[in-house]
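Observations on the model geometry
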Amino acid sequence: NPDAGIYFGNKALILSKKINWKRGVASAGNKTGLNYWAKSNYPKALEYQMAALKLSEEINDKKSVAVILGNIGLVYEGQADYKKALVYHFDALKLNEELNEKSAVARNLGNIGNAYDAQGDYNKSLEYYFKALKMYEILGEEIGQARNLGNIGFAYQEKKEYAKAIVYHNKALSMNRALGNRILEGMNIGNIGATYMSIAQQNNLSGGKPSVDSLRNEIIIPKAEQHLKASIAIFTEINDKQSLHELYLYLSQLEEISGRY
């Protein structure tokens, strides 16, 4: 509910300014900016976060500077300005490494992976996803592990290394189910379905002769359909229209592959 976030963020901002609490001003500005980011209002998000960054630098609050740098990276990522996004993500990473903020370092590594992923540089994205995963494993942070396992699966999916993609999507799915994270569970199931669909597509292009017998279309297509429909059920339940849009597109492609026009 970013509108409520903006309302309370601005109230906090006014109060912080009133009592001349600079750290509070910076914190409220950063969080308000994050809510604008969630609404995809990137100019407003940058306005708040750049002001928060300047103030945090003035009071030498390095921990906050590192957080805000990473958040600015996310805003530029949202604008598809991946070069700028990487500059801010790497600046955040460097500062968090200096501060020995290990959880933040892991988050920065994952965000760098996302920026490379969005540019189609899957080898680079995998390099950073694996670094993030290793750090989350050391820290015992399961949410971070699950997120990066899913990201690794998606990168392999885009590289057309489908067997590896399914392995990592299933690992992510097991963790997200255990954590009760319905959004990421739905995403993992949908990605498994999309991967099976891609295998079926590949089979059609190669004259229906898969390299492994268990990947024949008669086996793969029902699996793809089962997973896509299970994912659609989850995202219908939580009313995530963007995810539903992608899933219905995958399902229509699967019907086309199956000849069910």
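Now for a description of the structure that goes with this document.

Conventions and cut-offs
Residues numbered from 1 in each chain as written. Predicted model: local features only at pLDDT ≥ 70, side-chain atom pairs only at ≥ 80, totals over all residues. Heavy atoms only, no water. Helix = DSSP H or I, 4+ residues; strand = E, 2+ residues; numbered from the N terminus. Contact = heavy atoms within 4.5 Å. Areas by Shrake-Rupley, 256 points an atom, 1.4 Å probe, with all protein chains shown as cover. Lys, Arg positive; Asp, Glu negative; His and termini not counted. Charge placed at Lys NZ, Arg CZ, Asp CG, Glu CD. Phe/Tyr/Trp six-rings, centres within 6.5 Å; stacked < 30°, edge-to-face > 60°. Lys NZ or Arg CZ within 6 Å of the ring centre and 35° of its normal. Axes fitted to C-alpha atoms, helices over the stretch in contact; angles between N-to-C directions. Parallel < 35°, antiparallel > 145°, perpendicular 65-115°, else oblique. Left-handed = near helix turned anticlockwise from the far one by under 90°. Nonpolar A, V, L, I, M, F, W, Y, C, P; charged D, E, K, R; others polar. Core = buried A, V, L, I, M, F, W, Y, C linked by side-chain atoms within 4.5 Å. Buried < 20%, exposed > 50% of the residue type's maximum accessible area, 1.4 Å probe, protein only. Expected span 1.5 Å × (residues − 1).

Once that is clear, we can look at the overall build of the chain. Counting secondary structure elements, the chain contains 12 helices and 0 strands. Principal-axis analysis of the C-alpha atoms gives the chain an extent of 70 × 35 × 35 Å. Taking as baseline every contact in the chain between residues at least 6 positions apart, the subset at least 24 positions apart corresponds to 50%. Total accessible area on the chain stands at roughly 13,800 Å², and carbon and sulfur atoms take up 53% of it. Counting 32 positive and 28 negative side-chain charges, the chain places the averaged centre of each group 4 Å from the other.

By convention here, two paired aromatic rings are described through the distance between centres and the angle between planes. This structure, assessed with the given rule, holds 7 aromatic pairs. These aromatic residues form a ring-pair network of at least three members: Phe-90, Tyr-116 and Tyr-128. Its end group placed over the ring of Tyr-128, Lys-131 keeps NZ or CZ at 4.7 Å from the ring centre. If you follow Lys-171 out to its NZ or CZ, it ends over the ring of Tyr-168, 4.9 Å from the centre.

Moving on, we come to the side chain of Asn-35. Checked against the element boundaries, Asn-35 lands in helix H2 (residues 22–38). Those residues in contact with Asn-35, other than ones at most four positions away along the chain, are Asn-1, Pro-2, Gly-5 and Ile-6.

Let's shift gears to the packing of helix H6 (residues 102–118) against helix H7 (residues 122–139). Close contact between H6 and H7 brings their axes to 8 Å; oriented N to C, the two are set at 160 degrees. Between H6 and H7, the crossing angle belongs to the class labelled roughly antiparallel. The handedness of the crossing between H6 and H7 is left-handed. Note on element contacts: H7 touches H6 through Tyr-122, Lys-124, Ser-125, Tyr-128, Tyr-129, Lys-131, Ala-132, Met-135, Tyr-136 and Leu-139, opposite Lys-102, Ser-103, Val-105, Ala-106, Arg-107, Leu-109, Gly-110, Ile-112, Gly-113, Asn-114, Tyr-116 and Asp-117. The residue inventory of the contact of H6 with H7, partitioned by class, reads 12 nonpolar, 5 polar and 5 charged.

Membership of the largest hydrophobic core comes to 24 residues, with the highest contact counts inside it found for Leu-53, Leu-69, Ile-72 and Tyr-76. Looking at this core, the elements with two or more residues in it are helix H1 (2–18), H2, helix H3 (42–58), helix H4 (62–78) and helix H5 (82–98). In this view, Ile-72 contacts Leu-46, Gln-49, Met-50, Leu-53 and Tyr-88; residues no more than four positions away in its chain are not counted. If you look at the next biggest cluster of nonpolar residues, it comprises 21 residues, including Ala-224, Leu-244, Leu-247 and Leu-251.

Okay, unusual backbone geometry next. Residues other than glycine seldom take positive phi values, yet Ala-80 does so here, at roughly 65 degrees. When you line up the elements, Ala-80 lands in the loop between H4 and H5. On the basis of relative accessible area, Ala-80 is assigned to the partly exposed category, the value being 46%. Look at Asn-239: it is not a glycine, yet its phi comes out positive at around 60 degrees. Secondary-structure assignment places Asn-239 in the loop between helix H11 (217–237) and helix H12 (241–257). The class for Asn-239 is exposed, based on a relative accessible area of 51%.

To continue, consider the environment of Lys-164. Mapped onto the elements of the fold, Lys-164 is located in helix H9 (residues 162–179). Overall, Lys-164 belongs to the partly exposed group, its relative accessible area being 41%. The spacing of Lys-164 and Gly-153 is 11 residues in sequence and 7.0 Å in space, taken between C-alpha atoms.

With that settled, the discussion passes to the packing of helix H10 (residues 182–205) against H11. For the pair H10 and H11, interaxial distance at closest approach is 8 Å and the crossing angle is 155 degrees. Here H10 lies roughly antiparallel to H11, going by the angle between them. Crossing of H10 against H11: the hand is left-handed. Broken down by class, the residue content of the contact of H10 with H11 amounts to 16 nonpolar, 8 polar and 4 charged.

Here we take up H7. One turn of the α-helix equals 3.6 residues, which is why residues spaced by three or four share an orientation. Between its first and last C-alpha, H7 extends 25 Å over 18 residues, near the 26 Å set by a 1.5 Å rise per residue. Along H7, the residues classified as buried are Tyr-122, Ser-125, Leu-126, Tyr-128, Tyr-129, Ala-132, Leu-133 and Tyr-136. On the buried face of H7, the contacting elements are H5, H6 and helix H8 (142–158). The positive-phi residue at the C-terminal boundary of H7 is Gly-140, with phi of around 70 degrees.

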